[in-house]
Protein chains: 2
Amino acid sequence: MAGGAVDSGSEAGPVVDRGPKQDRSRVTRKRLLEAAVSCLAEHGWAGSTVSVVAERAGVSRGAAQHHFRTREDLFTAAVEYVAEERSLALRALFPEGPADRRAVVAAVVDLYTGPLFRAALHLWVAASNEEQLRPRVTELEARVGRETHRIAVELLRADETVPGVRETVQGLLDMARGLGLANLLTDDTGRRDRVVAQWAALLDEVLDRV
Amino acid sequence: MAGGAVDSGSEAGPVVDRGPKQDRSRVTRKRLLEAAVSCLAEHGWAGSTVSVVAERAGVSRGAAQHHFRTREDLFTAAVEYVAEERSLALRALFPEGPADRRAVVAAVVDLYTGPLFRAALHLWVAASNEEQLRPRVTELEARVGRETHRIAVELLRADETVPGVRETVQGLLDMARGLGLANLLTDDTGRRDRVVAQWAALLDEVLDRV
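Only a predicted model underlies this, so the values are computations on that prediction, with no experimental measurement involved. (Residues numbered from 1 in each chain as written. Chains lettered and ligands numbered in written order. Predicted model: local features only at pLDDT ≥ 70, side-chain atom pairs only at ≥ 80, totals over all residues. Heavy atoms only, no water.)

Time to look at the overall build of chain A. Counting secondary structure elements, chain A contains 10 helices and 0 strands. In sequence order, chain A lays out its α and β elements as α-α-α-α-α-α-α-α-α-α. Based on the C-alpha atoms only, the size of chain A along its principal axes is roughly 65 × 45 × 30 Å. Here chain A holds 210 residues, and 48% of them are scored as buried. For chain A, long-range pairs separated by at least 24 residues make up 63% of all intrachain contacts whose partners lie at least 6 apart in sequence. If you sum the accessible surface of chain A, you get close to 10,200 Å²; carbon and sulfur atoms cover 53% of it. Each charge class in chain A can be summarised by its mean position, and for the 28 positive and 31 negative side chains these summaries are 3 Å apart. (Helix = DSSP H or I, 4+ residues; strand = E, 2+ residues; numbered from the N terminus. Buried < 20%, exposed > 50% of the residue type's maximum accessible area, 1.4 Å probe, protein only. Contact = heavy atoms within 4.5 Å. Areas by Shrake-Rupley, 256 points an atom, 1.4 Å probe, with all protein chains shown as cover. Lys, Arg positive; Asp, Glu negative; His and termini not counted. Charge placed at Lys NZ, Arg CZ, Asp CG, Glu CD.)

Here it is as structure tokens:
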């Protein structure tokens, strides 16, 4: 971005000058990030390289490397980008804020069953054996986890000043992650729906007691 | 085993003849299985081959291939073997059967935080991208999951004829799996202990209501 400002060299219309170029750059970046997540979800870490992603996104390898210097940069940015999109989508499902708790629990669990979770899982597992990836992914996981927790607390109207409430919500998110894992090899929808219905009812009761 | 009986060629003392040979074979097999789980936990699927495991177990590659014809055979057998060992160990913790529910919940969650879970996770994630591995691991996961569920139901004194009880126990096992995942990159012990304490108390209350 700083480079773009220098390049434009114009005092008169920097916004107009920079606009379309930045737009194109943003579109390319977005295409790379989305291709990276799909690639990771489908082929795992071993099968996910910058070249494969660039080809999938219809972008030259040079352009891809202009946006992301390393393979680690590309894939951690991709998981973070999609996680942010999912957080926005979760909030958008409940535009009025706090909502029916069973619907919120179901929506939170849904976050862990799609391609994003699959991609993130591949990245986590790869990070557990690769020193270059590990600190990046650890930090990313903590950040995304905090944000998901914050949204869940808000939508569930959970008062974390009450002892045990924080751990109750954390346990729900751990369960959601475990349900995502159970969905990795087979379609676990039927069983998952029953588990979610039961625990959402328990959670509703526990949080209402306060 | 059938081959061993033919080899011995003696009508007089087949049991004495076969004994030590079978013992050695069993010891070799056990060493291979344990080495395979450690290897998978430390290096992931990509770094886990029959040769690496044979070397780690101090067994020749030929001997390893005598026991396990393919890489898939070795690693699925290894995860199954260690899962069975862990089930026995879980039962051994509560020799009198049903026990204090909070202790049972803590012990069940512990199943998902050690090297076995890490190894199984690598195998699951690899299976999600490898067609050769997928049906084997899917079947193994279902079998191990059913056995863990059975033990949990028994130790928790959960009456599954009561509506919702089955799903309550399933949700607990999903949470345990999610807690295992959260422990993959960082030592999550402190947070996990608090979540387990809270959810064990909730579970105790729910199951006692009946």
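Taken together, the 43 residues of chain A in the interface contact 43 residues of chain B. Together, A:Leu181, A:Leu185 and A:Trp199 form the three largest contributors to the area buried by chain A at its contact with chain B, with a combined 20%. Counting across the interface, chain A meets chain B through 4 salt bridges. For B:Arg191, the salt bridge is made with A:Asp174, and the minimal N-O distance between the two is 2.9 Å. Run the count over chain A and chain B and you get 20 residue pairs in polar contact (both at pLDDT 80 or more). Only α2 (14-43), α7 (115-127), α8 (134-155), α9 (165-182) and α10 (189-208) of chain A provide two or more residues apiece to the side of chain A that touches chain B. Examining the composition of the side of chain A that touches chain B, we find that 12 residues originate from one element, α9(A), more than from any other. (Buried area = accessible area lost by both parts, 1.4 Å probe. Salt bridge = Lys/Arg side-chain N within 4 Å of Asp/Glu carboxyl O. Polar contact = N/O pair within 3.5 Å; in protein donor to acceptor, adjacent residues only side chain to side chain.)

Here we come to the pattern of salt bridges. Under the counting rule described, the total for this entry stands at 30 salt bridges over all chains. For A:Lys30, the salt bridge is made with A:Glu34, and the minimal N-O distance between the two is 3.8 Å. Of this pair, A:Lys30 and A:Glu34 both sit in helix α2, 4 residues apart, roughly one helical turn. Using a relative accessible area of 40% as the deciding quantity, one classes A:Lys30 as partly exposed. With its nearest N and O atoms 2.9 Å apart, the salt bridge here joins A:Arg136 to A:Asp73. Here the residue A:Arg136 occupies a position in helix α8, and A:Asp73 occupies one in helix α5 (residues 71-93), the gap between them amounting to 63 residues. Since its relative accessible area comes to 33%, A:Arg136 is described here as partly exposed. Look at the salt bridges and you will find they share partners, linking A:Asp174, A:Arg177, B:Asp188 and B:Arg191 into a network.

Averaged over all residues, the pLDDT of chain A equals 89, while 91% of them reach at least 70. Here residues 1-16 of chain A scores under 50 on pLDDT; set against residues more than four positions off or in separate chains, the count is 7 contacts. (pLDDT = per-residue confidence, 0-100.)

Now for the relation of the copies chain A and chain B. In screw terms, the move from chain A to chain B is a rotation of 180 degrees and a rise of 0.0 Å along the axis, fitting with an RMSD of 0.0 Å. Such values leave the two copies arranged in the relation of a two-fold axis. (Least-squares fit on C-alpha atoms with pLDDT ≥ 70 in both.)

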